[in-house]
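This is what each chain is made of:
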Amino acid sequence: QVHLVESGGGSVQPGGSLRLSCAASGRTFRSRVMGWLRQAPGKERESVARLNWSGDNTYYADSVKGRFTISRDNAKNMVYLQMNSLKPEDTAVYYCAARSEYDTEYAYWGQGTQVTVSS
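The following paragraphs examine the structure supplied in this document. Everything quoted here is computed from the prediction, not taken from an experiment.

### Some remarks on the sheet that holds strand β8 (residues 78-83)
One key point about sheets: their strands pair by backbone hydrogen bonds, in either a parallel or an antiparallel sense.
Then step 1. The strand order across the open sheet built from four strands is β1-β3-β8-β7, with neighbouring strands paired in antiparallel fashion. Only two strands of the sheet have a single partner each, and these edge strands are β1 (2-7) and β7 (68-73). Pairs of neighbouring strands in the sheet enclose a mean axial angle of 15°, with direction left out of account.
Then step 2. Bridge count between strand β3 (residues 18-26) and β8: six bridges; the pairing is antiparallel. Bridge pairing in β8 links leucine 18 to methionine 83.

This is the structure in structure tokens:
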């Protein structure tokens, strides 16, 4: 089992920045691929960013390219999402998730953290 806990969410004005953190514990060898997903009210959950174990293969949704950066520190079992130039449409609950490199579906999820972007 892998336990994931997100932190760092909050309220920010448009153009501002936030850094989300995800702490992993338990059988962390099952978290070779880490991702951040978000869900806004009335919208489908979408994948925002994804990162492999070595940190050299990334995925970003078109809507966040150039603004968000995913990174990880395996020694600390931490994953981060740096969010810059935030827009109101970025408002959502953000989730950290993990899976093996052979699976296509995330097996482990955090509880989510709220990000609100408004003036």
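Read on for the rest.
### Description of the packing of aromatic side chains
Then step 1. One pass over the full model with this rule turns up two aromatic pairs.
Then step 2. Taking 6.4 Å as the distance between ring centres and 80° as the angle between the ring planes, the aromatic pair formed by tyrosine 95 and tryptophan 109 counts as edge-to-face. Taken as a pair, tyrosine 95 in strand β9 (residues 92-99) and tryptophan 109 in strand β10 (residues 108-109) lie far apart in primary sequence, 14 residues in all.
Then step 3. With a centroid separation of 5.9 Å and an interplanar angle of 75°, the aromatic rings of tyrosine 106 and tryptophan 109 are classed as edge-to-face.
Then step 4. For tyrosine 106, a relative accessible area of 16% translates into the label buried.
Then step 5. With relative accessibility at 31%, the residue tryptophan 109 sits in the partly exposed group.
Then step 6. Feature note: the residues Tyr95, Tyr106 and Trp109 constitute an aromatic cluster, connected by ring pairs.
Then step 7. Cation over ring: arginine 99 sits above tyrosine 106, and NZ or CZ is 5.9 Å from the ring centre.

Analysis parameters
- Residues numbered from 1 in each chain as written.
- Predicted model: local features only at pLDDT ≥ 70, side-chain atom pairs only at ≥ 80, totals over all residues.
- Heavy atoms only, no water.
- Pairing = 2+ DSSP bridges.
- Helix = DSSP H or I, 4+ residues; strand = E, 2+ residues; numbered from the N terminus.
- Axes fitted to C-alpha atoms, helices over the stretch in contact; angles between N-to-C directions.
- Phe/Tyr/Trp six-rings, centres within 6.5 Å; stacked < 30°, edge-to-face > 60°.
- Buried < 20%, exposed > 50% of the residue type's maximum accessible area, 1.4 Å probe, protein only.
- Lys NZ or Arg CZ within 6 Å of the ring centre and 35° of its normal.

Keep in mind that these numbers describe shape and distance, not what the molecule does.
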